[in-house]
Each structure stands twice: as C-alpha cells, then as structure tokens.
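Spelled out, the chains give:
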Amino acid sequence: MQDNGAKQAEVRTEFPAVIGAALPRVDGPVKTTGRAQYAADYSFPGLVYAVPVGATVANGKIRSMDTSAAEKMPGVVAILHHDNIGPLYHTSSGHMNEQRQPLEDKLVHYWGQYVAVAVAGTLQQAQAAAAAVRVTYDEEKPNVSLKLDDADAKTMTMSKRGDVGAGFASAPVKVDETYSTPVEVHNPMEMHATTAVWDGKSFTLYESTQGVVGQQHTMAEVLGVPRENLRVISRYIGSGFGGKLSPWPHSALAGAAARKLNRPVKLMVTRNQMFCDVGHRPRTQQQMRIGATPDGKLVSLEQHYWNHTSQVGNYHENCGEATPFIYSTPNLEVTSAIVKRNVGTPCPMRGPGAVPGLFAVESAMDELAIKLKMDPVELRVKNDTLTDESNGKPFSSRHLKECLQVGAEKFGWSKRTPEVGSMRRGDTVLGWGVAAASWGAYRGSCQATVMLKDDGRATVSCAAQDPGMGTYTILAQIVSDKTGLPIDKIDVLLGDSNFVPGATSGGSTLTATVMPAVAEASNGAVQILMAMATRPGGAFEGKKPAELMVNGGSLHLKENRAAAVPFADVLRTAKVSYASADGRSGGLGSDTKARDYSTHSFGAQFVEVEWQPQIARLRVSRAVSVMDAGRIINMKTGTNQIQGGVVMGIGMALLEQAIYDPRNGHPINDNFADYLVPTNADVPEIDVHFLGIPDPMMGEYGARGIGEIGLAGVAPAITAAVYHATGVRVRELPVRIEDLLRSTVV
Ligand code: MOS
C-alpha cells in the first residue's frame, strides 16, 4: 500500500475539501463545445476510408468472392480480403476477444463477421465499393438456440460448501425456478473506430478504448511490431460499458490496411456492425434453488447457469460473482457452463456476471419472501453476514444491511402492503420492489506523473483514459488535494500510451487504482519544491524542508502561514521550469493486510412501478438507490454513475434484447429504431444516496469503484415491483406487454 499520504498530512495545511465535492467534469467544456477529438475525428493528408464487408450468413464457408466490380469503382484504393490482407498474428497474451484474426480463413462463424474490407478515398466511395463486393457462401444452418442447457455442455463448479442436495431436501420452504437474460448490446454513444497511421516503421492508432496500454500491447502483437513501435491515442471516448476493454478485429484491419497501403486509414464500425462485431452481454439461463426455514433463514442456495459464447471465443459470464457471499447459508453450490452459438463474440458488459446473476438470485429471494409471507427487506437483513462464507474472510467494509435500511426509510417502504395489486394512485396500480446489489472492489497497479510548473499550473498524466466516468476530474481533485492548487490550474492528460503506464477503465477499479499513484506523484513534486526552496538563494534558505508546509499552491513555514511563497516563484527563483515526480500504485494483492479481507461493494435498489391495466402500460415511476461503495471522491460524477446504472437497469428489465433470426443468425433489430433503450420519458427521478463509509483496505482515500454497481439489482427490483402490481412473475427478461396481459389485476 502507498502510505506517503499519511506522511504528507503532517505538512499539509487544511485545504477547502476537494475530495467528495460535487465538482463538474473538467472535460465537460471541451466535449460540449465539440472541441474534443474522438478516434474518428482525426484526419491526415492522404487518409483513406475503410469499410468492412460483413458476412450475410452465420455459419458456413466463403465459396467465392468477386471483387472485380468493386475494384473498378471511383476512388477505390483496394479491396482487402483473406488472400491479400498481409500478416496478422495471434497474441501470446491472449488478450483478444476472438481466438482468430480477421480474414484469417474462409470460415464464417457469425452474421456480420468481416470477410473483406473496401478502402477508398471517401467514406461514400468505400461504402459503395463494400456493397459491390460479391460473396457466395456454402451455408450451414446456424445455431442461435435460446435454450442453453445443451446436453453436452461441460459443467464447472464455481463455488461449493456444505451439501446442497441434503440441505435443499430438508428445507421446509423451497424455491426452484429458472431465469433467463437476453443478449444485450453495449451500444455506447460513440461507435468503435480506429484511425491508423503507419510511418514505415511504427504505428499510431487513434482508438476508442477503455485501456490504451492493453490496446498497445495487444495490437503490437497482432500487427507484429515491438510495443515501442505502436502508440495508442484515445483522448476522448464516448463510453464503452465494457465493449472497449480489449481490441476487436476492426483495429487489426485498420492497422494492416495502413501498412499495406502506406496511407493513413480510418475505419468506423457502423451502428449495425456494433450488434455483430464488437461484443455483447451473452444470453444466460440460470436455475436457482433456495431452501429456507419457515422463519426465513437460508438452508441452501444453488445457482446453475449457462451462457452462450461464439464459435471463436470462450467468454464466460460469471453469473455467480456475488452468489457465494451475498447471504449466509451453510450449503451452497454454483456451477457454470458455456455453450457455443453462431453469434458474435460476447465480452464483459457493465457489471459482467453479477448483473445477470443477481437478476436470478434476487428474483429467487423475492419469490422466497412471498412464499414465506415475509417482507423482502427483512428476509435479506435476516440473512446478512459480515463474513465472506466462501472463503471465511471478513469483509473489509460491508454495509448491505444499512443500505437496505436507509433505502427503506427514504423510499417509505413501511407503507407497503404486500398483497398483489393492493396499492393504488388514482386509477394506477402501484408495485414496489427491492433488491440487493453487489460488485467486487479491487485496485490494480498504475503509475502517474505530476509536474508543478513555473507558470503556476500543474500537469498530471498517465496512460489511463476517461471513457466518460469522470477520471479526468478525479485526477485533478487528487492533485488539488495534495497541493492546494485550484482545479482550474491543473491540466490532466490521459489517453496516450506514451505516458507512464496507467490502467484499464474496467471492473470499477480505475479510481481506486490511479489515486495512490497520483497522490504519491503530487507529494513527490511538492517535496522537490521544498528542497529547492531551502537551498541557498531560495525563499526559505537555511530552513529544513521538514519545517515547510504546503497550502494553496504555496509553501510556507509552519509558524508563518502569512508569508507563503507560490510554487511558481520557488521554481522561477531556482531557474527551474518544472518539478516533476512519478508515483506508483501497488495492486490490492500487493498489500499483505488486504489479503486477509474480502473486498466488495454493496447496495440496495428500491423501485416503484405504475401499472395501468386499462391500457396495459407499465412505467417505472420512482427509484431509490443506496450504495455502500466506500468514500465518494466526486459527488456529481459519482451520482451520475449510479443514475446511469439505474437507467441501464430500466433498459435491462423492460426494453433491451438483441433478437437473432433463427434462419440465418442475423440480429434483426440491429439498429436504434428496433433495439430499445430507455429514453428520458422512460426514466423517473432517481434518488441516489451513498453511505460514504471509507474502506480501510482501499488506500488513503478509502474509495471503491462505482462504475458498475448502480446497474446491479435494478432489474430484479423492477420485476419484483411488476409482480407486486400485476401478479405476473417475469423470469425471462425483458418484461413484455404480452407477459403483463396475463395480469388479472384490474
Ligand atoms: Mo466494465 S464491463 O469492466 O467496462
């Protein structure tokens, strides 16, 4: 653990609290005024446009490809395909989503798989040429079956304790149900894109990625150049939701085309292609069995789940992420199995595993509460535990019970009457539902550089990136916290693999990962100034650095706060342009103390739905989200994260699903007209509350991540509310009007 924060505290005067403040995003103005450059915004002399040709079958082999017409079209530079793309390599690290390279062979495993790429002088010319490539296939029937428990699926045990067979058999009250979640597509606002530049020796890839370092390492291997010959730039990113964690085939196509043609190449994935070629949350099927005593103590908990993956990937959706520790039970078993389908390759999507997994677990808990005639909040509190029973370790900081209690209070839960259809507002039937949330808390290793400059400004940089979560702002806050410089004097530079190694924006880990490095770098730069100021000719000549304190971007003697000397003056006096220091974060695993604890975030979601039986209309009308995620560094960006999660949860519960045509594997709703996501009209006021209890295992600031947990528990809270209003239990998402027409509530 990096502990020099404690050392610094002795020399730091109290600054206005910047940690926890509701600060607006420092990158807001550049984005809202259109000055932020995204991957596809870069242009260079001689740049050409690449448009991939997608397969129109989901299972088969290319029989013939006729590029002659396309090659003769205006502006066309090349039609690249299996026979002429040039070398693309597999990776030794295996950090590709797919276990093949694009155009590697003539086999087609999913609809939309790239089979060729048209390159031309303008986007329109390339689009026209791509459309003119004639491909025939030897087609076989694709398997996009929604039923996932294939007889030959290999089952793995993920967690086990006690004897669930005996436990379940002995339990007086039982739930045994199967839940399914559909394919969801990340669909970030900014589509994937690569602008690739080759200078004869090195690549520069302008990417939209959640990890510039990971992208650099993997793409260097894929393109067969040393890491130092491949630079990744991703300054601004229109979100990712997990779809931009690691490289997809289009990056390789853009890089290979740039090298082959010796021209800059821009390749933008289209919205339709976003449904095929850049990942999705896989379909899951989950059997839940819970046994309990009549007073609501869990006797056994079982989760047996399947997720689909592609023919060329082996992605496992870890639906049992939270199951082994969320409740106390002596008997538990979680098993998983992966089945292959003719679909694009799935990958992590916001709250991977836990989000669909908790839909099943928390739905089953709601069904158990109904069988027990017990309040669903009380049932969860009753089975709360402060020990992770999967490994016997105490939680570093677990306040699920408080989340449920605070949420119940804020929501007005005590006014709930449990009978189906028993609560009304005018002609509208109300349904109230609750669910627990959990997501892992972790921090990785990372470096950062802080420069204090003679113009009075500071710069902080590292090879991390901000896909929209608020990382730019958080870094400025840490520097401000350590130096007292105001936020508007701090420039944050991210999104370039040339900076000192940063970390991936993934798993809700980046804030906790990057903060210790930035704190250490800030402290280091201040220490350099203190040494400088006490040298001969310095403002504090004859004093020791330890006699100095830092306040408001200035140094002063402990006993004389009034006579403070700004950092810039210290530097100018010494004729030094800037003082620069690097800091380092060690991963959670490097902290021997932390190894003795189980680290997770928790939360509770409370939802109200309005059901109008007269016109079969369902609306989410209220949401209260209470989060136990450690200390919150920025109340505004933090609240936005949770609100965004709840919005996504409304989509998951009521709207989102990619539908594959069983005849040809085409995701038929591959566009924003047919794939529904919540709009403002679908989203009520979302009341977000943070417990704000610092996690002692998460470093000086005690912050855990909040990028994903806001989505956990939302869908099961909504389906619980739907049941309460309508009497219809929906176990296969999303809830459809057709499901609710079964309601007998009038
Ligand atoms: Mo998140 S699914 O780790 O981007």
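Remember, it's a predicted structure, so these values are computed and weren't measured experimentally.

Bringing the sheet that holds strand E2 (residues 60-66) into the picture now. Taken in spatial order, the three strands of this open sheet run E4-E2-E6, and their pairing is antiparallel. At either end of the open sheet lies a strand with only one pairing partner, and these are strand E4 (107-108) and strand E6 (134-139). Bridge count between E2 and E6: six bridges; the pairing is antiparallel. Within E6, the position partnered with Asp-66 by the bridge is Arg-134.

The next point concerns unusual backbone geometry. Note that the residue after Leu-733, namely Pro-734, is joined by a cis bond; omega there is -5 degrees. Its place among the elements puts Pro-734 in the loop between helix H16 (714-726) and helix H17 (737-740). If you check the backbone angles, Leu-103 has positive phi at about 65 degrees while not being a glycine. Note that Leu-103 resides in the loop between strand E3 (76-81) and E4. The exposure class assigned to Leu-103 is buried, which follows from its relative accessible area of 3%. One non-glycine residue, Phe-241, adopts positive backbone phi at about 60 degrees. With respect to the helices, strands and loops of the structure, Phe-241 is situated in the loop between strand E11 (230-233) and helix H7 (249-261).

Moving on, we come to the environment of Ser-601. When you line up the elements, Ser-601 lands in strand E27 (residues 600-612). Here the alpha-carbon distance between Ser-601 and Trp-439, two residues 162 residues apart in the chain, equals 5.3 Å. If near-sequence neighbours (up to four positions away) are discounted, Ser-601 is found in contact with Ala-437, Ser-438, Trp-439, Gly-440, Ala-441, Asp-628, Ala-629, Arg-704, Gly-705 and Ile-709. Among the polar contacts listed, one links the side chain of Ser-601 to the side chain of Arg-704, at a separation of 2.9 Å.

Basis of the calculations
Residues numbered from 1 in each chain as written. Predicted model: local features only at pLDDT ≥ 70, side-chain atom pairs only at ≥ 80, totals over all residues. Heavy atoms only, no water. Pairing = 2+ DSSP bridges. Helix = DSSP H or I, 4+ residues; strand = E, 2+ residues; numbered from the N terminus. Buried < 20%, exposed > 50% of the residue type's maximum accessible area, 1.4 Å probe, protein only. Contact = heavy atoms within 4.5 Å. Polar contact = N/O pair within 3.5 Å; in protein donor to acceptor, adjacent residues only side chain to side chain.

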